[in-house]
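The residues making up each chain are set out below.
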Amino acid sequence: DVFYVRRDTTAPTITSYAASPAGWLAADPGAIFDVDFADALSGLSQVLYSASSNPGLSDANVLGWTAVGGFTPAPSSFTALWGVDFAALRDGVTNYISARAVDAAGNSYTRADVFKLMKNTVGPAVTITSPAGAYLSTVTAFSGSASAMNETSPVTGNQVAIQELTVNLYFDGTSFASAEEVWLG
């Protein structure tokens, strides 16, 4: 035989063992997600992920299809733990992460919502209504409000740190004696 043609019409597979982190995340969890990609016939050419704020759609409306870090084309499987571009995820919403595998023959398979990440890196909106001035010589009381960034991540408490700028010391509840911030509340 002078040549032969290998035909591959079978899509790759994606198997998710990933557990979605519980609760809201303020920092990147790193490469902890166990989603495996495989294609035994022609091998994998791409493994990708995307993020959406819409469950079940894989519409990549938050983060477009992005290469999974650490993947190199040609293997029949990719089983390493991997992470996402946390900075690119939308804050204050659930980010549904979908996965896509493409083999060397061009067949692809997309699996929606292999895990989800709830990102919350922006704290509540804080407004101090009294005292009105930024620099005062005497303060007897503070008033203001804090409102939640989203309805599922409520404000659980309020604290204040007070600094004497002429000596760069913080009020510790008794006097301005602390070089470090002291949160009162």
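In case you missed it, the structure is sitting above this.
All of these numbers come straight from a predicted model, not from anything done at the bench.

(A) Seen up close, the side chain of Asp 39. Within the secondary structure, Asp 39 sits in the loop between strand 3 (35-38) and strand 4 (44-52). One buried charged side chain, Asp 39, makes no salt bridge at all; its nearest oppositely charged neighbour is Arg 6, positioned 7.8 Å away. A distance of 3.1 Å separates the side chain of Asp 39 from the backbone nitrogen of Ser 42, its partner in a polar contact.

(B) Seen up close, the environment of Ala 132. As for its placement among the helices and strands, Ala 132 is situated in the loop between strand 9 (125-130) and strand 10 (143-147). Sequence separation between Ala 132 and Thr 9 is 123 residues; the distance between their C-alpha atoms is 70 Å.

(C) Layout of the environment of Val 5. Summarising the element assignment, Val 5 is placed in the segment before strand 1 (13-16). Taking the C-alpha atoms as reference points, Val 5 and Gly 106, 101 residues apart in sequence, are found 15 Å from one another.

(D) Broad picture of the sheet that holds strand 11 (residues 163-164). Spatially, 11-12-13 is the arrangement adopted by the three strands of the open sheet, whose pairing is antiparallel. At either margin of the open sheet sits one strand with a lone partner, and together these are strand 11 and strand 13 (176-178).

Rules behind the numbers
Residues numbered from 1 in each chain as written. Predicted model: local features only at pLDDT ≥ 70, side-chain atom pairs only at ≥ 80, totals over all residues. Heavy atoms only, no water. Helix = DSSP H or I, 4+ residues; strand = E, 2+ residues; numbered from the N terminus. Buried < 20%, exposed > 50% of the residue type's maximum accessible area, 1.4 Å probe, protein only. Lys, Arg positive; Asp, Glu negative; His and termini not counted. Salt bridge = Lys/Arg side-chain N within 4 Å of Asp/Glu carboxyl O. Polar contact = N/O pair within 3.5 Å; in protein donor to acceptor, adjacent residues only side chain to side chain. Pairing = 2+ DSSP bridges.

By themselves, these are just geometric observations and shouldn't be taken as functional.
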